[in-house]
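Listed here are the chains, written in short residue letters.
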Amino acid sequence: MKIIIGSDHGGFELKEIIREYILKKGLEVQDVGVFASESVDYPDYAKKVGEAVASGNVDFGILVCGTGIGMSIAANKIPGIRCALCNDVYTAKMARGHNDANVLAIGGRVVGKGVALMIIDTFLNSGFEGGRHNTRLAKIRDIEGE
């Protein structure tokens, strides 16, 4: 499994923890930054991660900013991206199971390290349920195409 991660300055510290955690699990990680805590514009990193996921070059994306809100808004502007802001394990499970989310957004100033790692495990290990949810995803793709 190949995962791309990115953050702004507000998510830098948690992104570094996440990167190390994913590597220790034996997964491939592409880190697009940031690489320091100086202020940057989060849409730049959401775009890098979103475009890589949409292209199929990676399996999933993880974005971290202060709250996760800005990253999720920006990433969801990219066709084919279903970015879910998750602050707990249940929303991570539902994001994958019902929405086939392909990018996870987390708030580095909202979610603690331990919970963040549980969210990531849940997101990466949960599958899409299909069934009735396929119809709903098709409607989302229709909206993207309008």
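For the structure, check the block above.
Residues numbered from 1 in each chain as written. Predicted model: local features only at pLDDT ≥ 70, side-chain atom pairs only at ≥ 80, totals over all residues. Heavy atoms only, no water.

Attention now goes to the pairing of strand β5 (residues 103-107). Working note: regular strand, side chains alternate between the two faces of the sheet. With respect to burial, β5 is a largely interior element, 5 of its 5 residues being buried. Every second residue of β5 is oriented toward a common face, with Val-103, Ala-105 and Gly-107 on one face and Leu-104 and Ile-106 on the other, all of them buried. Direction of pairing for strand β3 (residues 60-65) relative to β5: parallel, over a ladder of 5 bridges. Its bridge partner being in β5, Ile-62 is matched across the sheet by Leu-104. In terms of strand pairing, strand β4 (residues 83-85) meets β5 through 3 bridges, oriented parallel. The residue of β5 that forms the bridge with Ala-84 is Leu-104. In terms of handedness, the path from β4 via helix α4 (residues 89-97) over to β5 forms a crossover that is right-handed. (Buried < 20%, exposed > 50% of the residue type's maximum accessible area, 1.4 Å probe, protein only. Helix = DSSP H or I, 4+ residues; strand = E, 2+ residues; numbered from the N terminus. Pairing = 2+ DSSP bridges. Right-handed = clockwise from strand over helix to strand, strands pointing away.)

Going through the model one piece at a time under the given rule, you end up with 1 aromatic pair. The cationic tip of Arg-96 hangs over the ring face of Phe-123; the distance from NZ or CZ to the ring centre is 5.9 Å. (Phe/Tyr/Trp six-rings, centres within 6.5 Å; stacked < 30°, edge-to-face > 60°. Lys NZ or Arg CZ within 6 Å of the ring centre and 35° of its normal.)

With that out of the way, let us pick up the packing of α4 against helix α5 (residues 113-125). At a minimum axis distance of 8 Å, the contact between α4 and α5 shows a crossing angle of 20 degrees. Here α4 is positioned roughly parallel relative to α5, judged by the angle of their axes. For the element pair α4 and α5, the recorded crossing hand is right-handed. Together, Val-89, Ala-92, Lys-93, Ala-95 and Arg-96 of α4 and Met-118, Ile-119, Thr-122 and Phe-123 of α5 make up the contact between the two elements. Residue classes in the contact of α4 with α5 are distributed as 6 nonpolar, 1 polar and 2 charged. (Axes fitted to C-alpha atoms, helices over the stretch in contact; angles between N-to-C directions. Parallel < 35°, antiparallel > 145°, perpendicular 65-115°, else oblique. Left-handed = near helix turned anticlockwise from the far one by under 90°. Contact = heavy atoms within 4.5 Å. Nonpolar A, V, L, I, M, F, W, Y, C, P; charged D, E, K, R; others polar.)

Within the largest apolar cluster, 23 residues are counted, with the highest numbers of intra-cluster contacts made by Ile-18, Ile-62, Leu-104, Ile-106, Ile-120 and Phe-123. Those elements giving two or more residues to this core turn out to be β1 (2-7), α1 (12-24), β3, α4, β5 and α5. Looking at this core, the element that brings in the most residues is α5, giving 6 residues. (Core = buried A, V, L, I, M, F, W, Y, C linked by side-chain atoms within 4.5 Å.)

What follows concerns the layout of surface pockets. Quantified by volume, the largest pocket comes out at close to 170 Å³. Where the lining of the largest pocket is concerned, the elements lending two or more residues are β4 and α6 (132-145). Residue composition of the lining of the largest pocket, by class: 6 nonpolar, 2 polar and 3 charged. (1 Å grid on protein atoms, 1.4 Å probe; cavity = no way out; pocket = protein on both sides within 12 Å on 5 of 7 lines; lining within 4 Å. Points joined across faces, edges and corners; volume = space filled by probe spheres on them.)

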